[in-house]
Amino acid sequence: MTQDRWIIIKYSMRDIGEYDHRSIESKYSKKWVEEAIYHTKDIKKDLRFSIVIPPPNVTGSLHMGHALNVTLQDIICRWQRMLGKSVVWVPGFDHAGIATQYVVDKKLQGEGKNRLDMGREKFLKEVWTWVPISRNSIKEQLERIGVSVDWKRERFTLDEGFSRAVRYAFRKLYEDGLIYRSEYIINWCPRDLTALSDLEVEHEEEEGKLYYIKYPLEDNSGYITVATTRPETMLGDTAVAVHPDDERYRHLIGKRVKLPLVNWKRRSMSGEEVSAYIPVIADQSVLSEFGTGAVKITPAHDPNDFEIGRRHNLPFVKVMDEHARMNENAGEFAGLDRYQAREIILQKLSELGLLEKIEQHRHAVGKCYRCKTTVEPMVSLQWFVKVSDPRIKDGAVNVVKEGKIRFVPEGWKKTYLQWMENLKDWCISRQIWWGHRIPVWYCKSCGRENVFTDDDFDRVYDKIIFNLIADGKIGYEFTPEEVESILHSPSFTHPNITLLEFYKKYAFHKYHSTEVDANSLRLFFSQDLNPMAMLTEKKSRYRYDPGYKKYRFILRCKHCGHEELEQDSDVLDTWFSSALWPFGVFGWPEKTQDLEKLYPTDLLVTGFDIIFFWVARMIMMGTYLMEDIPFSDVYIHALVRDEKGQKMSKTKGNVIDPLDMVERYGADALRFTLAILTQQGRDIKLSEKRFEGYRHFANKLWNAGRFILMNLDGDLLQNLPYGAPPKSEDLWILTKLNRTAQKVNKALSEYEFSEASQALYEFVWGEFCDWYLEMSKLRLYAKADESLPEEERQKQETKIKAERITAQATLLSVFDRILKLLHPFMPYVTQELYSNLPTSYEENISLTEFPLYNPQEVYPDAEEKVERLKGIVSSIRSLRSDLKIEPSKRIRLYYRASQSEKLVEEFRQHLLNLARLEDLQRVDQRPSNALAGFYGDFEFFIPVEEGIKVTELLNSYTKRHQEVLRSLESVERKLKNEEFLKKAPKEEIEKAERMKEELIAEKKKLEELIVLLQEVKPAGASQ
Ligand SMILES: [Zn+2]
Ligand SMILES: [Zn+2]
């Protein structure tokens, strides 16, 4: 026992009352944050554990998936911290471009306002006022769940430092030729008015139609019939394509067809006029089996046609605008919605006799992942990251192939590698306002691109002003007072410091002396206005407009020196910034101490749905920009579903809100439930009952603590040296405790959350509470025999006291370690109980040591003995219950034993208590008129006179036996029925098989009991 560390304090017995999760959890969740106990200042690099939270979106609230995600991370973090590591768990939030803009847009619409009327600047102001409210509410939810994150290191993907990191990353990739701008076919959401990456498009099978349209040949020699699902795009056709080997069409290749309906001028994207006579071309990619084998080619509105158009140098004719309404190239159809246009076009074709036929056709339709609008493929000018370049791709593939990054469960490795193999360039521009504005400025004079970061400026004021402009905090024209007031306003991420201090801490820590006020700024700006300064090589950076009384910051084209530049109006895909998260949070691109000590991180915990969106991109950006992996382990957790295995959704109404569960059952119950249900590779099926069940476990733990505390002597710790030698049950529970510690540590090191929590549950409830606590009562409640003469009684009292000390000390020692083992799973209840222990020499249990397996506390002999005792007791209890003897009734019991004889003698008193016996007598022969049971060599007999109603039991068991036979017959028949086996769902067949096994077991048991009962004669005539 680890008594040496115990601080001797006087303890007075008291009752801690009933378990009340609400008061306990509200007390500590605030306290832990206020006291910043999870803030790690001095990091031992070789003993550190570093992890970043997958930043929740600043929209809305946490769902059960978030609760699971943070619970699993918190368990690992608390465990690692208790193992003595310097744990840094960085929290933060994601600005979530499209999602946030969507939410705020909706809110404004509700207030009768319109984003487009407001303009960019005003709209962003609205977003910035809404975002902190939402962020704080999520933060509070995380605190309630009990996450042990380091709030002092909190970051936001759109905070000043992170935005700066994004510009640096963009510039580096741009200058390395890995970012380019190009006309490309993208997925366009006509409702959100933005491009979507391939991953943001959901493909849904739909019942559609395939229309066969006749295109007349130019020489009037006939028609080519093309098949299409989207006839409205025909107005943008610039060719008809066939497979080169298709005999049916070979003779037509090179001829032209007349595009029906089109009798107006069409213009290509480069401004040339495009004829309605379009060529028939041959291309290997055409599938001869589809439709007629001839396909219309609309390069501006279809990804395959786009590729064909590029290969054959076809003109690109766009026929829709950003709202997916037909544009001027659609002639008489201009202004119509795409689906309206479709109907009218079909009608006209049919009138002209050019609509050959219509077939039913099931096909996949791309939908916007946010608003479910059917995506319109469109050609437009977008920015791309060349992730297919070997410089990015190879690194990201190799680190996983070589095992430097480990996926858990391992199966995800294959998924990842397969996806990486078919990597397409990543479209990173989005036509929305909320996000990181693309750091590219176009020159109005030479038309070329300029990418700026604050590296382009030497002076720290210039750097700060540039960042303020680039972040949209000020315009290009400003007064010194405006700048001063913004710099002195609270930072978004850490409102306890100013923006200026944030800059100094997270971006410009080299320039600690910078102090800013309007006067110093004015002085600084006007230095540049000095005619002498303008003559120097470094031309002035500021200009003053006396009319407006404003200063202007000047950017000059890097190519021609021209001063009129315009920034790209798009923003970056949200995942571009999230990809930098594992090093951006530590201050990259600055070489900070955090970055040096905490990167690469040790673990990422996330759901499988964002492996491609996020995990893959972090690996690409980490290996490219940091030249090192972003994390070594990736734990992919399952989806949380409802009890029937269905996805939780608001429309289905089967959502379980984690905060409701916290309110009702406590964060500890929520966490323990999620942990015990988390098995690798299996979805979690949740129902409210589960939380209720583990609330009972928290309560059980509480009551055990309450019992122990009420039975401690005030002078226990002083008297420890006078304790009696430990009993077998003490050695047994210590052995079990150590074996549990071993299991938990091993399971956690393999991210086997269910195994770890299961081991704890079984030990705490099944061994400690059910057996050890019961057995300890013998010593806790022992009283000296009052009838003894004084001297002997005193002797007895001394012995009782010594034994009680040992029992109390064992209870305390084991319980102390139970709390520590359970702490990562149930932080609140363990903290509260721990605070009440006389042995709590630390204030916070989370800063104590996690129990490890100690081979010196393992006693196999004692373990074997107590396990045998448990077996005997259980057998007696089981027979008592079969014979319907009231649980509280004390009975006489006879037994016969060979090897167990000694065991019975050692545990005689326990046997009497645990099996509720009035008397236990050894016999040589089986007594007559008694029912027999056994456990190993221990045979026991319960006399019929102990209230056993033999005839009644016989009747009832015989009846039940017949029922079981009937049910068994019916289930067996079902399982032999071919029809059933063929048609029934798998679960139903499994259910039937389970039922069969249960019935067979019950049948066997009943037959044994019937034989047993038949052996004894009914006692008494009344039976
Ligand atoms: Zn959309
Ligand atoms: Zn220029």
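The structure reproduced in this document is the subject of the present report.

Here is what the cut-offs are and how they apply
Residues numbered from 1 in each chain as written. Chains lettered and ligands numbered in written order. Predicted model: local features only at pLDDT ≥ 70, side-chain atom pairs only at ≥ 80, totals over all residues. Heavy atoms only, no water. Helix = DSSP H or I, 4+ residues; strand = E, 2+ residues; numbered from the N terminus. Rg over C-alpha atoms; globule rule 2.2 N^0.38 Å. Buried < 20%, exposed > 50% of the residue type's maximum accessible area, 1.4 Å probe, protein only. Contact = heavy atoms within 4.5 Å. Areas by Shrake-Rupley, 256 points an atom, 1.4 Å probe, with all protein chains shown as cover. Lys, Arg positive; Asp, Glu negative; His and termini not counted. Charge placed at Lys NZ, Arg CZ, Asp CG, Glu CD. Phe/Tyr/Trp six-rings, centres within 6.5 Å; stacked < 30°, edge-to-face > 60°. Lys NZ or Arg CZ within 6 Å of the ring centre and 35° of its normal. Donors = N, O, S within 2.8 Å, 3.2 Å for Na, K, Ca; no water. Tetrahedral: all angles 85-135°; square planar, octahedral: opposite > 155°, others 65-115°. Pairing = 2+ DSSP bridges. Axes fitted to C-alpha atoms, helices over the stretch in contact; angles between N-to-C directions. Expected span 1.5 Å × (residues − 1). Salt bridge = Lys/Arg side-chain N within 4 Å of Asp/Glu carboxyl O. Core = buried A, V, L, I, M, F, W, Y, C linked by side-chain atoms within 4.5 Å.

## A short note on the overall build of the chain
In step 1: Scanning the chain from N- to C-terminus turns up 33 helices and 34 strands.
In step 2: Relative to the 2.2 N^0.38 estimate, which gives 31 Å for 1023 residues, the radius of gyration of the chain is 38 Å and therefore markedly larger than a compact globule would have.
In step 3: Each of the three principal axes of the chain carries a C-alpha extent, and together these read 120 × 80 × 55 Å.
In step 4: Out of the 1023 residues in the chain, the part that is buried amounts to 55%.
In step 5: In the chain, of all internal contacts separated by at least 6 residues, the share reaching a separation of at least 24 is 77%.
In step 6: Counting only carbon and sulfur atoms, one obtains 48% of the accessible surface of the chain, whose full area is about 46,200 Å².
In step 7: The distance from the centre of the 150 positive side-chain charges to the centre of the 159 negative ones in the chain is 1 Å.

## A short note on the packing of aromatic side chains
In step 1: Counted by the stated rule, this structure contains 53 aromatic pairs.
In step 2: On the basis of an interplanar angle of 75° and a centroid distance of 5.2 Å, the ring pair of Trp-128 and Trp-434 is categorised as edge-to-face. Taken together, the positions of Trp-128 in helix α5 (residues 120–145) and Trp-434 in the loop between β19 (429–430) and β20 (440–443) put the pair 306 residues apart, joining distant regions of the chain.
In step 3: Look at Trp-128 and you get partly exposed, because its relative accessible area is 23%.
In step 4: Its relative accessible area of 1% is what places Trp-434 among the buried residues.
In step 5: Between the aromatic rings of Phe-672 and Phe-825, the centroid separation amounts to 6.2 Å while the plane-to-plane angle is 65°, which identifies the pairing as edge-to-face. Taken as a pair, Phe-672 in helix α21 (residues 667–676) and Phe-825 in the loop between α26 (790–822) and α27 (827–836) lie far apart in primary sequence, 153 residues in all. The residues Phe-672 and Phe-825 share a single accessibility class, namely buried.
In step 6: Ring pairs connect the aromatic residues Trp-441, Phe-452, Phe-457, Tyr-461, Phe-466, Phe-478, Phe-524, Phe-525, Tyr-542, Tyr-544, Tyr-551 and Phe-553, which therefore count as one cluster.
In step 7: Positioned above the aromatic ring of Tyr-223, the side-chain terminus of Lys-214 is 4.9 Å from the ring centre.

## Digging into the environment of Gln-794
In step 1: Along the chain, Gln-794 falls in helix α26.
In step 2: For Gln-794, a relative accessible area of 45% gives the class partly exposed.
In step 3: It is 8.1 Å that separates the C-alpha atoms of Gln-794 and Ala-784, two residues lying 10 residues apart in sequence.

## A word on unusual backbone geometry
In step 1: A cis amide bond links Trp-588 to the next residue, Pro-589, at an omega of 10°.
In step 2: Mapped onto the elements of the fold, Pro-589 is located in the loop between α17 (581–584) and α18 (593–598).
In step 3: Following Tyr-599, the chain continues to Pro-600 via a peptide bond in cis, the omega torsion being -5°.
In step 4: Inspection of the secondary structure puts Pro-600 in the loop between α18 and β27 (601–607).
In step 5: Not every positive phi belongs to a glycine, and Leu-261 is a case in point at roughly 70°.

## Brief notes about the coordination of the zinc ion (ligand 1)
In step 1: In the first shell of the zinc ion (ligand 1), the protein supplies Cys-189 (SG), Asp-192 (OD), Cys-368 (SG) and Cys-371 (SG), at 2.2 to 2.3 Å from the metal.
In step 2: Relative to the metal, the four donor atoms surrounding the zinc ion (ligand 1) lie at angles of 100 to 117°, and the coordination shape comes out tetrahedral.
In step 3: Positions of the donor residues of the zinc ion (ligand 1) along the chain correspond to the pattern C-x2-D-x175-C-x2-C. Taken together, the residues span a long stretch of sequence, with Asp-192 in the loop between β5 (179–189) and β6 (194–196) and Cys-371 in the loop between β15 (355–368) and β16 (376–385) at a distance of 179 residues. Comparing Asp-192 with Cys-371, the two get one shared label, buried.

## Some points on the coordination of the zinc ion (ligand 2)
In step 1: All of the protein donors around the zinc ion (ligand 2) are Cys-443 (SG), Cys-446 (SG), Cys-557 (SG) and Cys-560 (SG); their distances to the metal are 2.2 to 2.3 Å.
In step 2: Taken in sequence order, the residues that donate to the zinc ion (ligand 2) follow the motif C-x2-C-x110-C-x2-C.
In step 3: Using a relative accessible area of 39% as the deciding quantity, one classes Cys-560 as partly exposed.

## A short note on the sheet that holds β15
In step 1: Ordered in space as β8-β7-β15, the three strands form an open sheet in which the pairing is antiparallel. Pairing within the sheet leaves two strands with one partner each, and these edge strands are β8 (223–228) and β15. Strand-to-strand, the axes of this sheet are offset by a mean angle of 20°, without reference to chain direction.
In step 2: Of the strand pairs in this sheet, strand β7 (residues 201–216) and β8 are connected by six bridges, and their pairing is antiparallel. Its bridge partner lying in β8, Tyr-215 is registered against Ile-224.

## Describing the sheet that holds strand β31 (residues 891–896)
Either a parallel or an antiparallel arrangement is found when strands of a sheet pair, and the pairing is made through backbone hydrogen bonds.
In step 1: Read from one edge of the open sheet, four strands run β32-β31-β34-β33, paired in mixed fashion. The open sheet terminates on both sides in strands that have one partner only, identified here as β32 (917–922) and β33 (930–935). On average, adjacent strands in this sheet sit at an angle of 25° to one another, irrespective of strand direction.
In step 2: Note: β31 against β32, five bridges, orientation parallel. Of the residues in β32, the one forming a bridge with Tyr-895 is Arg-922.
In step 3: Where helix α28 (residues 860–882) meets the sheet, its contacts fall on β31, β33 and β34 (938–943), and the angle it forms with β33 comes to roughly 150°.

## Considering helix α22 (residues 688–710)
In step 1: For α22, built from 23 residues, the straight-helix expectation of 33 Å at 1.5 Å per residue is met to within 8% by its first-to-last C-alpha distance of 33 Å.
In step 2: Taken as a whole, α22 has its buried residues at Phe-691, Tyr-694, Arg-695, Phe-697, Ala-698, Leu-701, Trp-702, Ala-704, Gly-705, Phe-707, Ile-708 and Leu-709.

## Notes on the pattern of salt bridges
In step 1: Tallied over the full model, the rule gives 93 salt bridges.
In step 2: Between Glu-663 and Arg-22 there is a salt bridge, and its shortest N-O distance comes to 2.9 Å. Here Arg-22 lies in helix α1 (residues 21–34) and Glu-663 lies in helix α20 (residues 658–665), a separation of 641 residues in the sequence.
In step 3: Here Arg-960 and Glu-1002 are joined by a salt bridge, their closest N and O atoms 2.7 Å apart. Pair noted here: Arg-960 is in helix α31 (residues 950–976) and Glu-1002 is in helix α33 (residues 986–1015), with a separation of 42 residues, a long-range link.
In step 4: When its relative accessible area of 30% is taken as the criterion, Arg-960 is described as partly exposed.
In step 5: On the accessibility criterion, Glu-1002 (27% relative accessible area) is partly exposed.
In step 6: Connected through shared salt-bridge partners, Lys-736, Arg-739, Glu-767, Glu-863, Glu-867 and Lys-870 make up one network.

## A few points about the nonpolar core
In step 1: Among the nonpolar cores identified, the biggest contains 165 residues, and Met-64, Leu-686 and Phe-768 are the most heavily contacted of them.
In step 2: Of all the elements, helix α25 (residues 753–780) adds the most residues to this core, at 13 residues.
In step 3: Setting aside residues no more than four positions away along its own chain, Leu-686 makes contact with Met-64, Val-640, Arg-641, Asp-642, Glu-643, Met-648, Ile-656, Thr-673, Leu-674, Leu-677 and Phe-691.

## Notes on the pairing of β20
A regular strand places its side chains so that they alternate between the two faces of the sheet.
In step 1: Alternating residues of β20 divide into Val-440 and Tyr-442 and Trp-441 and Cys-443, and every residue in both groups is buried.
In step 2: Here β20 runs beside strand β21 (residues 449–451); their pairing, made up of three bridges, is antiparallel. Looking at β21, one finds that Tyr-442 is bridged to Glu-449.
In step 3: Turn length for the β20-β21 hairpin, with the two strands adjacent in sequence and antiparallel, is five residues, and the turn residue Gly-447 shows positive phi of about 80°.
In step 4: Pairing geometry for β20 and strand β25 (residues 565–567), over three bridges, is antiparallel. Pairing of Cys-443 across the sheet is with Leu-565, part of β25.

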